[in-house]
Structures are given as structure tokens and as C-alpha cells.
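This is what each chain is made of:
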Amino acid sequence: QQPVQSPQAVILREGEDAVINCSSSKALYSVHWYRQKHGEAPVFLMILLKGGEQKGHEKISASFNEKKQQSSLYLTASQLSYSGTYFCGTRDPLSSGSARQLTFGSGTQLTVLP
Amino acid sequence: DAMVIQNPRYQVTQFGKPVTLSCSQTLNHNVMYWYQQKSSQAPKLLFHYYDKDFNNEADTPDNFQSRRPNTSFCFLDIRSPGLGDAAMYLCATSSSGLAGLYNEQFFGPGTRLTVL
């Protein structure tokens, strides 16, 4: 089942902060965050692990609330280059197959204006 | 630089005319994925290979097939493209194993398919 992201879109000025949320109806094993610029491939930002450490990228950080089955992505002092669509990807430990595939959220379109 | 390459970047085909999209990787990753992404939507997993093991998503139409002749290459075959198959097709790779559950996916630039 696809995780739900909020907000669907956000517009902010350069230097402002933003928070993007990702919620799942199922228990999560890990949460990935990707950014996709228009016409380009998604690019990995970070991963959050159940009960483990997180990895960060630039001025972007994230949290993972296992009990609430939620993750939030925090963008501080936004830069123009942060514009794009942000997707969370969740991994379900009960998924079939040897590899744990990602289910991507609905996406949040972020626009940073000068 | 190690990377994921997709060819062609743009593909135009006619309704019902078979088409093959290709993906190659120099990362030596054992897992390869094919996603379909329509405008303003999230990537949707079609299938993936774990080494040579093929894993099909339950809702992937039979019209979509895949081949992985070796570790480096993977192909997506659309046997009879319909207008609804017009989309961006993304190939991604990942390493697996014990640490693989925590590893990111590396995406290729995608192939944009147009069906006339």
C-alpha cells in the first residue's frame, strides 16, 4: 500500500525551511527519501532505519517515528537547487522476494523561489 | 564513473508495435528494477531481478516482460504497447545481501516512451 505524503506541494522562498511528511498504514522496516527534478531520475537523499542511525545529506535531515509509522524530511535554509519532487520510499519487512522493494509515496512538489 | 545507463532516452512506437528498452550498469549490483512513472505520479515497480531470480509485481500486466542476460544488462519488453503505456520507464539498481536492505537504489536517466 502506497505511503501518503503531505503536503502535496509547497512553495517557499530561498532560505526558508520546509517539512515533508510520509505516513504508512503498515509497520515500516526502513524509509528512503529521494528527490526528482523535472525530467530527471530520482536521486537518493537518505535512508532511515528502524532502531538505527540515519544518514544525512547537505542541510537536509529526517526523522523516523516507528510507532506512528511516519517519517519527516526537514529542509533548512532552502536553496534554489532544492526544488523538485520529493518521494519517500518504504520497505515492508513482510514483502515477498529476496530483495526488499520500495513502495514510493505520492510525492511532494517543492518549489524554492529566489 | 560507475553508473546506470538507459537506452534510448526517448522512444516513439506505434500502437501494438513491440518495443524493447535497455538498461546497463557498471555498479556490479545484483538487484535491478524496472519502474513505470507517469506524469506527476510516483514510480511504480513493475518487476525486479535479484541476481537471476525474476520477481514480478502482482499488478504488472502480462504485456510487460523482462530479460536479464547477465549482471550488467536488463531489458524491458513491451509486447503490444497501448496508449496507456506511454510513460517514463526507469531502471534502478541496488546491492543486496545482509547490508543490502539498507542500501539506496541508483536510478538511470529513464526512457520516455511515446505511443502513437
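See the structure printed just above.
Every chain's residues receive numbers from 1 upward, in the order its sequence appears when written. Lettering of chains starts at A and numbering of ligands starts at 1, both following the order in which they are written. Selection of residues for local features in this predicted model requires a pLDDT of at least 70, selection of side-chain atom pairs for listing and counting requires 80 or more, and totals for whole chains, interfaces and linings are taken over all residues. Side-chain measures here rest on the full set of heavy atoms in the structure, leaving out hydrogens and waters.

(A) The overall build of chain B, seen in detail. The number of helices and strands found in chain B is 0 helices and 11 strands. The secondary structure elements of chain B, listed N-terminal to C-terminal, are β-β-β-β-β-β-β-β-β-β-β. Within chain B, buried positions represent 50% of all 116 residues. Should any heavy atoms of two residues lie within 4.5 Å, those residues are considered in contact. For chain B, the share of sequence-separated contacts (at least 6 apart) that also reach a separation of at least 24 residues comes to 57%. Method for areas: the Shrake-Rupley scheme with a 1.4 Å probe, in which residue coverage is limited to the protein chains shown. Working note: accessible area of chain B is about 5,700 Å², and carbon and sulfur atoms make up 51% of it. The helix count covers DSSP runs of H or I at least four residues long, the strand count covers runs of E at least two residues long, and both are numbered beginning at the N terminus. Type-normalised accessible area, obtained with a 1.4 Å probe on protein chains alone, sets the label of each residue: buried when under 20%, exposed when over 50%, and partly exposed for intermediate values.

(B) Structural detail: the overall build of chain A. A tally of regular secondary structure across chain A gives 0 helices and 10 strands. Each helix and strand of chain A, ordered N terminal to C terminal, gives the series β-β-β-β-β-β-β-β-β-β. Put simply, chain A has 114 residues, and 44% of those count as buried. Of all intrachain contacts in chain A linking residues separated by at least 6 positions in sequence, the fraction that spans at least 24 positions is 57%.

(C) Here's a closer look at the packing of aromatic side chains. Centre distance within 6.5 Å is the pairing criterion for rings of Phe, Tyr and Trp, where only the six-membered ring of Trp is used; planes under 30 degrees apart are then read as stacked, over 60 as edge-to-face, and the remainder as tilted. Under the criterion given, the structure shown has 12 aromatic pairs over all chains. Ring geometry for A:Tyr34 against A:Phe44: centres 5.6 Å apart, planes inclined by 75°, an arrangement best described as edge-to-face. Pair noted here: A:Tyr34 is in strand β4 (residues 30-36) and A:Phe44 is in strand β5 (residues 43-49), with a separation of 10 residues, a long-range link. Neither A:Tyr34 nor A:Phe44 differs from the other in exposure class; each is buried. With 5.5 Å between their ring centres and 40° between their planes, B:Tyr35 and B:Phe107 make a pair best called tilted. Note that B:Tyr35 is positioned in strand β4 (residues 31-37) and B:Phe107 in strand β10 (residues 106-107), a separation of 72 residues in sequence.

(D) Highlighting the interface of chain A and chain B. Contacts between the two partners involve 22 residues from chain A, matched on the other side by 23 residues from chain B. Roughly 1,900 Å² of surface becomes buried between chain A and chain B when both sides are summed, with 60% attributable to carbon and sulfur atoms. Note on definitions: salt bridges are taken to be side-chain nitrogens of Lys or Arg within 4 Å of carboxyl oxygens of Asp or Glu. Along the contact surface separating chain A from chain B lie 0 salt bridges. Identification of polar contacts relies on pairs of N or O atoms within 3.5 Å, with a donor-acceptor requirement for protein atoms, meaning one able to donate a hydrogen and the other able to accept it, and with residues adjacent in sequence counted only if both atoms are side-chain atoms. For the interface between chain A and chain B, the tally reads 2 residue pairs in polar contact (both at pLDDT 80 or more). The set of elements that each furnish at least two residues to the side of chain A that touches chain B consists of β4, β5, β8 (84-91) and β9 (102-104) of chain A. Counting residues per element, the side of chain A that touches chain B draws most heavily on β4(A), at 4 residues. Summed over both partners, the accessible area lost on bringing two parts together, with a 1.4 Å probe, is the buried area.

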